[in-house]
Amino acid sequence: MTFAFPGFDSVRVPVAPGVELDAVVGGSGSPVVLLHGFPQTRLMWRRVAERLAAEHTVICPDLRGYGASDKPAATGPEVYAKRTMAADVVALAGALGHEQFALVGHDRGALVAFRAGLDHPETVTHLGILDVVPTLDMWNVLHGVSAAVGYHLYLMAQPPGLPEAMIANSADAFFGSFLDAWAADPAAMPPGVRAEYLRASAAAVPSIVADYRASAGIDVTHDQADLDAGTQLAMPVMVVQQDWGAQLGYDAAAVWRAWAPDLDHRLTRAGHFMAEEAPEEITAAIRDLLAR
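Note that this is a predicted model, so its numbers are computed, not measured. (Residues numbered from 1 in each chain as written. Predicted model: local features only at pLDDT ≥ 70, side-chain atom pairs only at ≥ 80, totals over all residues. Heavy atoms only, no water.)

Here we come to the pattern of salt bridges. Applying the stated criterion across every chain, the model contains 22 salt bridges. D70 is the partner of R12 in a salt bridge, and the nearest nitrogen-oxygen pair spans 2.6 Å. Taken together, the residues span a long stretch of sequence, with R12 in strand β1 (residues 9-16) and D70 in the loop between β4 (57-61) and α2 (82-95) at a distance of 58 residues. Put simply, R194 and D180 hold a salt bridge, and the shortest N to O gap is 2.7 Å. Within this pair, whereas R194 is found in helix α8 (residues 191-202), its partner D180 is found in helix α7 (residues 171-181), the two being separated by 14 residues in sequence. Judged by its relative accessible area of 26%, R194 falls in the partly exposed class. Among the ionic contacts, a cluster of salt bridges with common partners joins R12, E20, D22, R42, D62 and D70. (Salt bridge = Lys/Arg side-chain N within 4 Å of Asp/Glu carboxyl O. Helix = DSSP H or I, 4+ residues; strand = E, 2+ residues; numbered from the N terminus. Buried < 20%, exposed > 50% of the residue type's maximum accessible area, 1.4 Å probe, protein only.)

Next up, the structure:
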């Protein structure tokens, strides 16, 4: 649905052997890369990207394994490690002529952005995170019956085979349940957009599961290594999220401050799909980040 990004160009860029990312690029000025979440594609950024393109070059890719980007087979845990997916993003921006850029991610894309900030501090100038905590912390804050909110994390952490079969056999019901449960304003996601998310997700079940499975294994290993080494995010960081800390019993700002000394932490009344439900608020937050 490129038409959802008026004035943007479509590009397809090799980023790793046998892997190309599909993206839209528009605007002019300092570069900002926007990474989508689950169960979505770059389409989630349509309202924010158009606004930011007035002052910035805006790049919205589909992540490896999602949307129109390539979906390599998960021959090992590293294929969908956030470290690998972050390297894809750095390669994409570099191929488009940007050796440095600001990076904003939502949900799964925020985990990729987090890893990019840790692994490529010389490249990522500003980091924006929408509605997640880092992978290591995510597992640590889920306890008891409250962890039911993240049941899909446990399902897709299982060994290959059963999760893929279960999800593929009821793809629209599975992916649609998150679009329904996580939206505070369903009208912000029109029927055509919702249908595109369901179509794209159903076509990417193995790679989506592989992405989540990596977050129960190799991504935890990488986060723990950085925590043990005292590695922190060197750039200005902005986090916008729902009040998950109050719901799950932890201090969300403190979790993020351990990783990001230069932190602007904000709570929103919008639902999980905040870039679609509150595009003015999210655009303003990103502009504030970029001004730091």
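Back to the text.
Geometrically, the link from F38 to P39 is a cis peptide bond, its omega value of -5° lying close to zero. Inspection of the secondary structure puts P39 in the loop between β3 (31-35) and α1 (46-52). Although it is not a glycine, D107 adopts a positive phi angle of roughly 55°. Considering the arrangement of structural elements, one finds D107 in the loop between β5 (101-106) and α3 (108-119).

What follows deals with the nonpolar core. By size, the foremost hydrophobic cluster in this structure holds 103 residues, and its most contacted members are L34, W45, L103, L233 and I286. In terms of residue count, the dominant contributor to this core is α3 (seven residues). With near-sequence residues (within four places) excluded, L34 lies in contact with W45, V48, A49, L52, V58, I59, C60, P61, V104 and I286. (Core = buried A, V, L, I, M, F, W, Y, C linked by side-chain atoms within 4.5 Å. Contact = heavy atoms within 4.5 Å.)

What follows concerns the side chain of H152. Locating H152 in the fold gives a position in helix α5 (residues 151-155). Residue contacts for H152: discarding those within four places in its chain leaves F38, F174, F178, W182 and Y212.

Remark: α3 packs on helix α10 (residues 218-229), axes separated minimally by 12 Å, with the N-to-C direction vectors making an angle of 40°. Comparing their axes, α10 and α3 come out oblique. Seen along the crossing, α3 lies across α10 with a hand that is left-handed. Taking contact as the criterion, the partners of F114, R115 and L118 in α3 are, on α10, H222, D223 and D226. Of the residues contributing to the contact of α3 with α10, the split by class is two nonpolar, one polar and three charged. (Axes fitted to C-alpha atoms, helices over the stretch in contact; angles between N-to-C directions. Parallel < 35°, antiparallel > 145°, perpendicular 65-115°, else oblique. Left-handed = near helix turned anticlockwise from the far one by under 90°. Nonpolar A, V, L, I, M, F, W, Y, C, P; charged D, E, K, R; others polar.)

With that settled, the discussion passes to helix α14 (residues 279-290). Counted at 1.5 Å a residue, the expected span for α14 with its 12 residues is 16 Å, and the 16 Å between its end C-alpha atoms agrees. For α14, the full list of buried residues reads P279, I282, T283, A285, I286, L289 and L290. Around the axis of α14, the buried residues are gathered within 160° of arc, so they sit on the same side. (Expected span 1.5 Å × (residues − 1). Arc of directions from axis to C-beta.)

This part takes up the sheet that holds β1. The strand order across the open sheet built from eight strands is β1-β2-β4-β3-β5-β6-β7-β8, with neighbouring strands paired in mixed fashion. If you trace the sheet from one side to the other, it starts and ends with β1 and β8 (263-267), each paired once. Direction aside, the axes of adjacent strands within the sheet are offset by 20° on average. As defined by bridge partners, β3 adjoins β4 across three bridges and the pair is classed as parallel. Across the sheet, residue P31 finds its bridge partner in β4, namely T57. Contacts between α2 and the sheet are confined to β1, β2 (19-27), β3, β4 and β5, with β1 contributing the most and set at about 125° to the helix. (Pairing = 2+ DSSP bridges.)

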